[in-house]
Amino acid sequence: MVYIIFLINRTYVFEFLFRRIAFIFFTNNEHMFLFFYQNNEHMFCIGLIGEVKLIVFKQKNLILKKFFEDPKNVELYELYQSNPSQELKEKIDSNFRKYYFSVRLLAYFLKAIHYEAMNLDQKTRKYQQANQLVLNKEFDDTEVSMIDLIGDTNTETEISSIYLEDYVCDPKLYKAIQNLSEKQKKVLYLIFVKDLQLSEIAQILNVSIQNVSKTKNVAISKLKKEFAE
Amino acid sequence: MPIINQSEIEELFRMLEPKIKKSLLQTSQQNRQDLEQDIKVIILTKIRQNVFKDVPGFFEFIGQEAISSENMS
């Protein structure tokens, strides 16, 4: 059962397991070593020519591989191999900690950013859907909607309606006008929309001028009263 | 336990910048600045919370890996 072949400092490493004993076989152009070990604790050397430079590198471990891509770390580790001291061990440990920490942090945030962006985006979408700006949605208990209240100052549209209410933008005024009688509405319409003289209106409605004037005054005071409420 | 200082935080933000920019693309134009700010706030809070308290040292790591690979085989 041969496990790995990978390259460290131009040294080929073969590792295989046999009856729970790992055999490691290093070779490069100059030296050949064969080790076996058990439980990662005791290492025995079977055959050795030259100096032992490397120890077991676990198979396919990207973290370790990348860690040893830095020549400083390799140097440190080789130094430790030939001269194992507590100081060197701590140095390797702290170097590795720093490296591993940065890898973990980066990996974590790369994922976290993706999910956070998704979450926040969904949140704003939900909020916007719940609080939409609907222009033609009617106000409570009226038939008036937001879009009716938007005045367009750039255009002068002719309104050709015979109803006084249709000339009004304010919902309050609109409501007040609706409470007037038909005659009052008609008089106000002729005065303010058609811009007619009281005498002309009197002729159209076939009533006296005084009557028209009185109707107008009553209607306006009624509107005033309702509007003030 | 590694402690992150100010310059390291800046370095981290510099490294994460492309990812943040990319993640902004999924939202609409007018929400992008808000989203960017929110993401940065979240990163900072996570750093403050110290999410990775236990980072193993080299020899510890080797030991762990040896055990896990033994269990696998």
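The structure displayed is predicted, hence computed values, not measured ones.

Q: Sorry, what's going on with the pattern of salt bridges here?
A: Working definition: two side chains of opposite charge can pair if their charged atoms are close together. Residues and elements named next belong to chain B. If you walk through the whole model with that rule in mind, you get seven salt bridges over all chains. Two residues, lysine 21 and glutamate 17, come together in a salt bridge whose shortest N-O distance is 3.0 Å. Of the two residues, lysine 21 and glutamate 17 are both situated in helix α1 (residues 6-24); the distance of four residues between them amounts to about one turn of the helix. Judged by relative accessible area, which is 41%, lysine 21 ranks as partly exposed. Classification of glutamate 17 as partly exposed rests on a relative accessible area of 25%.

Q: What am I meant to see in the packing of helix α4 (residues 171-178) of chain A against helix α7 (residues 209-228) of chain A here?
A: Two quantities define a packed helix pair, namely the angle between the helix axes and the distance between the axes. Residue and element names in this part refer to chain A. Direction vectors running N to C along α4 and α7 enclose 135 degrees, while the axes themselves pass 9 Å from each other. Our classification of the angle between α4 and α7 gives oblique. Classified by chirality, the crossing of α7 by α4 is right-handed. Counting all contacts with α4, which are made through Lys172, Leu173, Ala176 and Ile177, the residues of α7 involved are Leu223, Glu226 and Phe227. Of the residues assigned to the contact of α4 with α7, the class counts are five nonpolar, no polar and two charged.

Q: Teacher, can you tell me more about the nonpolar core here?
A: Across soluble globular proteins, nonpolar side chains show a tendency to be buried alongside one another. Membership of the largest hydrophobic core comes to 33 residues, with the highest contact counts inside it found for Phe96 and Phe109 of chain A together with Leu12, Leu16, Ile39, Ile43 and Phe58 of chain B. Where this core is concerned, the elements lending two or more residues are α1 (62-67), α2 (71-82) and α3 (86-130) of chain A together with α1, α2 (32-49) and α3 (58-72) of chain B. The leading source of residues in this core is α3 of chain A, at 11 residues. Apart from the residues within four sequence positions on either side, leucine 12 of chain B is in contact with Leu105, Leu106 and Phe109 of chain A together with Ile43 and Ile47 of chain B. By size, the runner-up hydrophobic cluster in this structure holds 15 residues, among which are Val168, Ala176, Val187 and Tyr189 of chain A.

Q: What should I look at first to understand the side chain of glutamate 36 of chain B in this one?
A: Mapping glutamate 36 of chain B onto the fold places it in helix α2. Non-local contacts of glutamate 36 of chain B, meaning those with residues more than four positions away in its chain, are made with Glu17, Ile20, Lys21 and Leu24 of chain B.

Q: Can you walk me through the packing of aromatic side chains in this structure?
A: Two descriptors summarise a pair of aromatic rings, namely the distance from one centre to the other and the angle between the planes of the rings. Residues and elements named next belong to chain A. Using the criterion set out here, one finds three aromatic pairs over all chains in the structure. For the pair tyrosine 77 and tyrosine 80, a centre-to-centre distance of 6.4 Å together with 40 degrees between the ring planes defines the contact as tilted. With tyrosine 77 and tyrosine 80 both in helix α2 and three residues apart, this pair spans about one turn of that helix. We classify tyrosine 80 as buried; its relative accessible area is 13%. Both rings, one in phenylalanine 96 and one in tyrosine 100, keep their centres 5.6 Å apart while their planes meet at 25 degrees; by these two values the pair is stacked. Here phenylalanine 96 and its partner tyrosine 100 are both found in helix α3, four residues apart, which amounts to about one turn of the helix. Comparing phenylalanine 96 with tyrosine 100 shows no difference in burial state: the two are buried.

Rules used in this analysis
- Residues numbered from 1 in each chain as written.
- Chains lettered and ligands numbered in written order.
- Predicted model: local features only at pLDDT ≥ 70, side-chain atom pairs only at ≥ 80, totals over all residues.
- Heavy atoms only, no water.
- Salt bridge = Lys/Arg side-chain N within 4 Å of Asp/Glu carboxyl O.
- Helix = DSSP H or I, 4+ residues; strand = E, 2+ residues; numbered from the N terminus.
- Buried < 20%, exposed > 50% of the residue type's maximum accessible area, 1.4 Å probe, protein only.
- Axes fitted to C-alpha atoms, helices over the stretch in contact; angles between N-to-C directions.
- Parallel < 35°, antiparallel > 145°, perpendicular 65-115°, else oblique.
- Left-handed = near helix turned anticlockwise from the far one by under 90°.
- Contact = heavy atoms within 4.5 Å.
- Nonpolar A, V, L, I, M, F, W, Y, C, P; charged D, E, K, R; others polar.
- Core = buried A, V, L, I, M, F, W, Y, C linked by side-chain atoms within 4.5 Å.
- Phe/Tyr/Trp six-rings, centres within 6.5 Å; stacked < 30°, edge-to-face > 60°.

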